[in-house]
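Survey of secondary and tertiary structure
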Amino acid sequence: MADLVARIAALWRYPVKSCAGEAVDALALDDTGWPVGDRAWGVVDANGELTWMGAHPQLARVQAAWRPDHLRLTTPEARLAVPLDGGTEITARGWNGQRQDFDPLQAWDAGDAAADLLHAATGAPLRLVRLSLPARRRPMLNALHLLGDGSLQAWREHLTPALAHLTERARPNIVLAAEGDGHRQANVAQADNGNVTM
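Residues numbered from 1 in each chain as written. Predicted model: local features only at pLDDT ≥ 70, side-chain atom pairs only at ≥ 80, totals over all residues. Heavy atoms only, no water.

1. Describing the nonpolar core
Selection criterion: In plain words, nonpolar cores are sets of buried Ala, Val, Leu, Ile, Met, Phe, Trp, Tyr and Cys residues tied together by side-chain atoms within 4.5 Å. Accessible area is worked out with a 1.4 Å probe on protein chains only. A residue is then buried under 20% of its type maximum, exposed over 50%, and partly exposed in between. Labels follow the DSSP assignment, with helices taken as runs of H or I lasting at least four residues and strands as runs of E lasting at least two, numbered in each case from the N terminus. Whether two residues are in contact is decided by their heavy atoms: any pair within 4.5 Å suffices.
Core analysis: the largest hydrophobic core is formed by 20 residues, its most contacted members being Val16, Leu71, Leu73, Val82, Leu118 and Leu128. Elements supplying a minimum of two residues to this core: β3 (41-44), β5 (70-74), β6 (79-83) and α1 (112-122). It is α1 that contributes the most residues to this core, four residues altogether. With sequence-adjacent residues up to four places away left out, Leu118 is seen in contact with Val43, Leu59, Val62, Gly123, Ala124, Leu126, Arg127 and Leu128. Residues Val44, Leu105, Ala107 and Val129 belong to the second largest nonpolar core, which totals seven residues.

2. Here we look at the sheet that holds strand β1 (residues 6-13)
Worth spelling out the cut-off: The criterion for strand pairing is that DSSP finds at least two bridges linking the strands in question. Axis definition: a line fitted to C-alpha atoms, over the contacting stretch in the case of helices. Angles run 0 to 180 degrees between N-to-C directions.
The strand order across the open sheet formed by four strands is β2-β1-β11-β10, and the pairing between neighbours is mixed. Edge positions in the open sheet fall to β2 (22-24) and β10 (146-148), since each of these has one partner strand only. Direction aside, neighbouring strands of the sheet carry axes that sit 30° apart on average. Relative to β2, β1 runs antiparallel, the two sharing three bridges. If you follow Leu11 over to β2, its bridge partner there is Val24.

3. A word on the side chain of Thr51
One can find Thr51 in the loop between β3 and β4 (63-67). Residue class for Thr51 comes out buried when judged on its relative accessible area of 11%. Beyond its immediate sequence surroundings of up to four residues, Thr51 is in contact with Ser18, Val43, Val44, His56 and Leu126.

4. Considerations on the layout of surface pockets
The gaps left among the atoms become clear once a water-sized probe is rolled over them. To be explicit about the condition: Cavities and pockets are found on a 1 Å grid laid over the protein atoms alone: a cavity is a set of points where a 1.4 Å probe fits but cannot escape, a pocket is an open set with protein on both sides within 12 Å along at least five of seven lines, and a lining residue has an atom within 4 Å of such a point. Grid points are joined across faces, edges and corners, and a volume is the space filled by probe spheres set on the points.
Approximately 1,000 Å³ is the volume found for the largest pocket. Around the largest pocket, the lining is made up of 39 residues, and of these Lys17, Ser18, Arg39, Leu141 and Arg171 lie nearest the centre. At the level of elements, β7 (88-96) and α4 (166-170) are the ones that each hand at least two residues to the lining of the largest pocket. Sort the elements by how many residues they give to the lining of the largest pocket and β7 lands first, with three residues.

5. Re the sheet that holds β3
Strand order across the open sheet formed by four strands is β3-β9-β8-β7, with antiparallel pairing between neighbours. Looking at the sheet topology across the chains shown, the edges are occupied by β3 and β7. The sheet shows a mean angle of 50° between the axes of neighbouring strands, taken without regard to direction. Pairing of β7 with strand β8 (residues 101-109) involves nine bridges; the strand directions are antiparallel. When the sheet's bridge partners are listed, Thr88 is paired in β8 with Asp109. Helix-sheet contacts for α1 involve β3 and β9 (127-131), and the interaxial angle to β9 is about 125°.

Given below as structure tokens:
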């Protein structure tokens, strides 16, 4: 396969798996290649099951921003700083597509103030949970999500009606701008920027 030369067009971090993310100037990776502060939190429904923006589209109104000492949640109506540790330990349930069943996941409930913010934004009885490291890195989850700008452009051309905030809906960590076929990011097996090989 020929090399694909691309530049990084945008970097994104999604501190809460089901909420809007944040554009960032730099994306730090831990020693195993996972973005620091990315997808470390989730939202559970009344059954304790991890839910997603597709089930609760109003979660797109909740922007999550990771800071070294707290998680910041912002909606048009409210703002809340959530500590990065503590909370009541719970067992959440995350869907395992390979087994077609739920996995038990260790997590910590972030408390009533966060639940109130999510309820006000969505109208649903949702709760914010901090996921354990094994829960964040379950099999079949990717450390980094790559998306080519060619794919974004193709979606823009074919979606009717057009979707707003398409990049955020696709939820990539890295948006690549490449010459030629922008769909080739699906075939990227290794990326090398001279300093780091992924």
